[in-house]
Amino acid sequence: MNGDETFSREDRKFMKAALKQAEKALLIGEVPIGAVIVSEGKIIGRGYNRRNTDHTTLAHAEITAIRKANRKVGDWRLEGCTLYVTLEPCQMCAGALVQSRIDRVVIGAQSFKSGCAGTLLNILQNNEFNHQIEVDSGLMQEQCTEILQRFFKDLRRRNKMRKKEKAAGEDGSGEDGSGVPGAGDPGAEEGGKQSFD
């Protein structure tokens, strides 16, 4: 884990761009994770979490950014590129990053439930694979963690309200539960558990 002072001004600029992508996810009720891929000082791919919105496991921020960067460069290889991501990649995204041959990954916050860039596993730097990635962690960690905490705090609040409204409907003192505001919100995960992925 590096401190913010070890990162360049350019690194901070691109992590801010990744945070803007995370804000887009937040606005549509998704877990707020954002990513950008940079080549020669320019963003060539952007992505944010859309799993619930798009109804697909593959709609992670990193995968979307990889897909867009591949289109931009006209190749599946992303050699010479850097990914900036607000939350440590999961096993699927870490595997895709290794396959893409990306050079470097800069991470905001650690993922204690699915982090595969050093927290639970280190897929990105596994010497058994044909490609290893330079990993730098902890850039703007506070901001990257705060947006996730804000999302899950609101999710727990909404889940608590739904429970109360459902209970009121079941005892005859309120709605029957079918018109509960916010039911079926994208991003609402059962029990409000924090998985940050």
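Residues numbered from 1 in each chain as written. Predicted model: local features only at pLDDT ≥ 70, side-chain atom pairs only at ≥ 80, totals over all residues. Heavy atoms only, no water.

S.K.: Explain helix 4 (residues 91-100) residue by residue, including any values.
M.R.: Buried residues of helix 4: Cys-93, Ala-94, Leu-97, Val-98 and Ser-100, and no others. Viewed along the axis of helix 4, the buried residues span an arc of 165°, placing them on a single side of the element. Taken together, the buried residues of helix 4 touch helix 3 (61-73), strand 3 (81-87) and strand 4 (104-109). Of the residues trailing helix 4, Arg-101 is marked for its positive phi of about 65°. (Buried < 20%, exposed > 50% of the residue type's maximum accessible area, 1.4 Å probe, protein only. Helix = DSSP H or I, 4+ residues; strand = E, 2+ residues; numbered from the N terminus. Arc of directions from axis to C-beta. Contact = heavy atoms within 4.5 Å.)

S.K.: Could you give me a rundown of the side chain of Thr-64, with the residues and numbers involved?
M.R.: Within the secondary structure, Thr-64 is located in helix 3. Judged by its relative accessible area of 15%, Thr-64 falls in the buried class. Setting aside residues up to four positions removed in sequence, Thr-64 forms contacts with Arg-46, Gly-47, Tyr-48 and Ala-59.

S.K.: Any details on the packing of helix 3 against helix 4? Residues and values, ideally.
M.R.: As a packed pair, helix 3 and helix 4 sit with axes 9 Å apart at the nearest point and diverge in direction by 25°. It follows that helix 3 is roughly parallel to helix 4 by the angle criterion. Between helix 3 and helix 4 lies a crossing of left-handed hand. Residue-level contacts link Glu-62, Ile-63 and Ile-66 of helix 3 to Met-92, Cys-93, Ala-96 and Leu-97 of helix 4. Split by residue class, the contact of helix 3 with helix 4 holds 6 nonpolar, no polar and 1 charged. (Axes fitted to C-alpha atoms, helices over the stretch in contact; angles between N-to-C directions. Parallel < 35°, antiparallel > 145°, perpendicular 65-115°, else oblique. Left-handed = near helix turned anticlockwise from the far one by under 90°. Nonpolar A, V, L, I, M, F, W, Y, C, P; charged D, E, K, R; others polar.)

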